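Below are the chains, spelled out letter by letter.
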Amino acid sequence: MPKRIPSLSGYGLAWSTRQRTLVIAAGLAVLLALAAAVALLTGRTTASDSQTAEPSAGSHSSTTSSASAPASAGAAPVAKPPQLADPVAFAKAAASMLWSYDTRTTSRDQQIAGMRAWLTTETQYADWSSISAQVPDPVLWSRMADQNQYATATITEGHYPSAFKEALADDPSAITEAYIYAVTVTGKQQIVWKKGGAGAEDRSLTLAVQCRPNANCSLVAIAPSVAP
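Scoring rules and cut-offs
- Residues numbered from 1 in each chain as written.
- Predicted model: local features only at pLDDT ≥ 70, side-chain atom pairs only at ≥ 80, totals over all residues.
- Heavy atoms only, no water.
- Buried < 20%, exposed > 50% of the residue type's maximum accessible area, 1.4 Å probe, protein only.
- Helix = DSSP H or I, 4+ residues; strand = E, 2+ residues; numbered from the N terminus.
- Contact = heavy atoms within 4.5 Å.
- Phe/Tyr/Trp six-rings, centres within 6.5 Å; stacked < 30°, edge-to-face > 60°.
- Disulfide = S-S within 2.5 Å.
- Pairing = 2+ DSSP bridges.

Glancing now at helix 3 (residues 108-116). Within the span of helix 3, buried status applies to Gln 111, Ile 112, Gly 114, Met 115 and Arg 116. Of the surrounding secondary structure, the elements contacted by the buried residues of helix 3 are helix 2 (87-98), strand 2 (101-102), helix 4 (128-132) and helix 5 (138-146).

Written as structure tokens, this is what we have:
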């Protein structure tokens with residue numbers, strides 16, 4: 001049985017913390033209480049590592065929905081961002097997207113483009129580097145494609161981390177500046193490769209999602225570590 005190539009979702013998560021620093025828009029003094037929690041949950045790259053986010057199609061549509069996020073995603077091209085206004089439901093969908101891929105049908109460039117569509121268009125908050133880091137480099141992606149590797153995801157649960165809830169309770173109005181929520185999601189990733197190779201791994205990550213009133217949620221960042 002061929003050896004499994006490293007999975008997509010685990011790639012790039014162990015970045016050095018010195019490469020990240022919390023950057024909230026200048027003058028947002030009302031976010032100071034919330035920032036203490038967000039600093040633990042959302043990593044922002046330094047200016048030399050940051051990239052300008054491209055607008056995502058329909059990421060801030062006026063359509064809202066409280067429907068639950070899909071529990072799993074099939075091995076197919078990157079899922080499109082759902083029209084959801086609930087932070088936890090959107091974070092579940094985003095985690096499912098991040099843990100699902102199919103090198104048989106999707107190129108690395110297509111994978112990155114599909115992921116970028118989930119990103120907030122508000123570039124002062126977007127940490128694209130933390131998201132794109134989930135994608136292996138071209139050589140590793142090619143090796144995965146040689147093995148016909150693909151993965152699907154099943155979401156177990158999602159919740160607001162305790163630090164985020166405490167900071168929000170201390171200053172409920174702080175969220176109204178950027179409407180960025182921290183959500184921790186857990187689940188399982190099933191990985192398959194050629195000649196009958198298969199495996200499953202438990203997954204957990206903390207995401208920052210933006211859900212402004214009367215707009216669909218969008219992805220802001222992936223934290224460098226999981227917040228309980």
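Centre-to-centre distance and the angle between the planes together describe a pair of aromatic rings. Taken as a whole and assessed by the stated rule, the structure comprises five aromatic pairs. Plain terms: the ring middles of Tyr 101 and Trp 141 are 6.4 Å apart, the flat faces sit at 50° to each other, and that makes the pair tilted. Of this pair, Tyr 101 sits in strand 2 while Trp 141 is found in helix 5, placing the two residues 40 residues apart along the sequence. The same class applies to Tyr 101 as to Trp 141, namely buried. Centre to centre, the rings of Tyr 160 and Tyr 181 are 6.2 Å apart; their planes meet at 35°, and the pair counts as tilted. Taken as a pair, Tyr 160 in the loop between strand 3 (150-159) and helix 6 (162-170) and Tyr 181 in strand 4 (residues 180-193) lie far apart in primary sequence, 21 residues in all. Taking the relative accessible area as the measure of exposure, Tyr 181 reaches 15% and is therefore buried.

Our focus in this paragraph is the state of the cysteines. By definition, a disulfide links the sulfur atoms of two cysteines through a covalent bond. Summed over all chains, the structure comprises one disulfide. A sulfur-sulfur separation of 1.9 Å characterises the disulfide bridge that pairs Cys 211 with Cys 217. Here the disulfide of Cys 211 and Cys 217 is right-handed, its torsion about the S-S bond being about 115°.

Bridging between strand 4 and strand 5 (residues 197-210) involves 14 bridges; their strand directions are antiparallel. Counterpart to Thr 184 in the pairing with strand 5 is Thr 206. As defined by bridge partners, strand 5 adjoins strand 6 (residues 218-222) across four bridges and the pair is classed as antiparallel. Residue pairing across strands places Ala 208 opposite Ala 221, the latter belonging to strand 6.

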